[in-house]
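Results of the structural survey
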Amino acid sequence: MTRILLVEDDDDIREALSRALTAQGVTVAAVARGSDALGRLTEFAPDAVVLDLGLPDLEGSDVLAMIRSLSDVPVLIATARDDEGGVIRLLDAGADDYIVKPYSAGQVLARVRAILRRHGSGAEAQPTEIRIADLVIDPQGREVHLGGEPLTLTRKEFDLLLYLAQRPGQVVSKDNLLADVWNLPWGGGDRTVDVHVSWLRRKLGESAAKPRFLHSIRGVGVKLVDPS
Ligand code: CA
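Parameters and conventions
Counting from 1, residues in each chain are numbered in the order their sequence is written. This being a predicted model, a pLDDT of at least 70 is required before a residue's local features are given, and a value of 80 or more before pairs of side-chain atoms are given or counted; all residues contribute to the totals for chains, interfaces and linings. Excluded from the side-chain calculation are hydrogens and water; included are all heavy atoms of the structure. Between N-to-C directions, angles cover 0 to 180 degrees, with each direction set by a line fitted to C-alpha atoms, over the stretch in contact for helices. Put simply, DSSP H or I for four residues or longer makes a helix, DSSP E for two residues or longer makes a strand, and each gets a number counted from the N terminus. Left-handed is the label given to a crossing in which the near helix is rotated counterclockwise from the far helix by less than a right angle, and right-handed is the label when the rotation is clockwise. Whether two residues are in contact is decided by their heavy atoms: any pair within 4.5 Å suffices. For this classification, the nonpolar set comprises Ala, Val, Leu, Ile, Met, Phe, Trp, Tyr, Cys and Pro, the charged set comprises Asp, Glu, Lys and Arg, and every other residue, Gly included, is treated as polar. Small angles under 35 degrees read as roughly parallel and large ones over 145 as roughly antiparallel, with 65 to 115 read as roughly perpendicular and the rest as oblique. For salt bridges, the criterion is a side-chain nitrogen of Lys or Arg within 4 Å of an Asp or Glu carboxyl oxygen. For every residue, the accessible area (1.4 Å probe, protein chains only) is compared with the maximum for its type, and the residue is labelled buried under 20%, exposed over 50%, or partly exposed between those bounds. Each metal's donors comprise the N, O and S atoms found within 2.8 Å of it (within 3.2 Å for Na, K or Ca). Water is not part of the atom list, so some coordination spheres may appear incomplete. At least two bridges found by DSSP between two strands are what make those strands a pair. A pair of aromatic rings is counted whenever rings of Phe, Tyr or Trp (Trp by its six-membered ring) have centres within 6.5 Å, and the orientation is called stacked for planes under 30 degrees apart, edge-to-face for over 60 and tilted otherwise. Look at NZ for Lys and CZ for Arg. If either is within 6 Å of the ring centre and within 35 degrees of the ring normal, a charge sits over the ring. With the strands pointing away from the viewer, any crossover whose connection runs clockwise from the first strand over the helix to the second is right-handed. Within this scheme, the nonpolar core is defined by two criteria: the residues are buried Ala, Val, Leu, Ile, Met, Phe, Trp, Tyr or Cys, and they are joined through side-chain atoms within 4.5 Å.

**Describing the packing of helix α1 (residues 11-23) against helix α5 (residues 105-118)**
Where α1 meets α5, the closest approach of the two axes is 9 Å, and the angle between their N-to-C directions is 65 degrees. The two elements α1 and α5 meet at a crossing, and its hand is right-handed. Contacts between α1 and α5 pair Leu17, Ala20 and Leu21 from the former with Ala105, Val108 and Leu109 from the latter. When its residues are assigned to classes, the contact of α1 with α5 shows 6 nonpolar, no polar and no charged.

Right, dumping it as structure tokens:
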């Protein structure tokens, strides 16, 4: 059964949506304040969060950042029609999708189902696991094992690793990674890719000086190779 955490300060919306989602077989936890969302996130362990952008106590972006520091749970932003800037900022900051008020429980559920499918927890067939030497990546379960040991990756680290592993031996440019993994415009020009590659390296137990899987090609990009 799907579990949804609803963060919404408007009593009428919160109660109506809770009722409607519950009627559709969803298990709902509902809180009115951003500061209450985090406690519920850990104890309730939702499959998805519906986060109202306009909360009285905290900025939506701050709530999202706090959620992201704890969890990769899919987050659906709920917003008034006139807040496009806010929506874009939150999508860039790691929200998965958004929905414009007024919305129905059916719309929320359809979006959540789509997000869960993209996350690979839907019933549809997904690519089977990728094995490169002792590295095993399960795209559906979003799990990675190295030498039989599970690795704990953040969502973007996983996305980056999967993207490279699907193109073994192929140099991928930073612009391509920014566009395809981060959904950022071409020529973002920041250090996002470098930083994530270096985090991923550390988790794979290798370094830029002594690469195993991840090889940076100066001025070009990065590739994942089979070290065996
Ligand atoms: Ca509100």
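Past the structure itself, the notes keep going.
**Concerning the packing of helix α2 (residues 34-44) against helix α3 (residues 60-70)**
Packing of α2 against α3 leaves a shortest axis separation of 10 Å and a crossing angle of 15 degrees. By the angle class used here, α2 and α3 are roughly parallel. Our pair here, α2 against α3, has a crossing hand that is right-handed. Listed contacts from α3 to Gly34, Ala37, Leu38, Leu41 and Thr42 of α2 are Val63, Met66, Ile67 and Leu70. Here the contact of α2 with α3 is built from residues that sort into 7 nonpolar, 2 polar and no charged.

**Quick word on the pattern of salt bridges**
Inspection of the entire model under this criterion finds 14 salt bridges. Across the pair Glu43 and Arg40 runs a salt bridge whose closest N-O atoms are separated by 2.8 Å. Of the two residues, Glu43 and Arg40 both sit in helix α2, 3 residues apart, roughly one turn of that helix. Classification of Arg40 as partly exposed rests on a relative accessible area of 26%. Within the structure, one salt-bridge network assembled from shared partners comprises Glu8, Asp52 and Lys101.

**Focus on the coordination of the calcium ion**
All of the protein donors around the calcium ion are Asp9 (OD), Asp52 (OD) and Gly54 (O); their distances to the metal are 2.2 to 2.3 Å. Between consecutive donor residues of the calcium ion, the sequence gaps follow D-x42-D-x1-G. Residue Asp9 is located in the loop between β1 (3-7) and α1, and its partner Gly54 is located in the loop between β3 (48-52) and α3; the two are separated by 45 residues in the primary sequence. Judged by its relative accessible area of 28%, Asp9 falls in the partly exposed class.

**Quick notes on the sheet that holds strand β12 (residues 221-224)**
The antiparallel open sheet is built from 3 strands, whose spatial order is β10-β12-β11. Each of the sheet's edge strands pairs with one partner strand only, and the pair in question is β10 (172-173) and β11 (214-217). Across 2 bridges, the pairing between β10 and β12 is antiparallel. Looking at β12, one finds that Ser173 is bridged to Gly221. Across the face of the sheet, helix α8 (residues 192-203) comes into contact with β11 and β12 while running at roughly 150 degrees to β11.

**Quick look at the packing of aromatic side chains**
Under the definition given, this model contains 0 aromatic pairs. Arg3 extends its terminal NZ or CZ atom over the ring of Phe44, reaching a point 4.2 Å from the ring centre. The side chain of Arg167 reaches across the aromatic face of Tyr163, ending 3.6 Å from its centre.

**Side note on the pairing of strand β2 (residues 27-31)**
Here β1 runs beside β2; their pairing, made up of 5 bridges, is parallel. Bridged to Ile4 within β2 is Val28. Taken together, β1, α1 and β2 form a β-α-β motif whose crossover is right-handed.

**Thoughts on unusual backbone geometry**
Only a minority of non-glycine residues have a phi that is not negative, and only a minority of peptide bonds are not trans. For the bond from Lys101 to Pro102, the omega torsion is -5 degrees, close enough to zero to count as cis. Mapped onto the secondary structure, Pro102 falls in the loop between β5 (97-100) and α5. One non-glycine residue, Ala45, lies in positive phi territory at about 50 degrees. Relative to the assigned elements, Ala45 resides in the loop between α2 and β3. Assessed through its relative accessible area of 46%, Ala45 is described here as partly exposed. A positive phi angle, close to 50 degrees, is found at Ala133, a residue other than glycine.

**Looking at the nonpolar core**
Ranked by size, the top nonpolar core spans 29 residues in total, and within it Ile137, Leu161 and Leu177 carry the most contacts. With 7 residues, helix α6 (residues 155-165) is the largest single contributor of residues to this core. When residues no more than four places from it in sequence are discounted, the contact partners of Ile137 are Glu129, Ile130, Glu143, Val144, Phe158, Leu161, Leu162 and Ala165. With 21 residues, the next largest nonpolar core counts Leu5, Leu38, Val73 and Leu90 among its residues.

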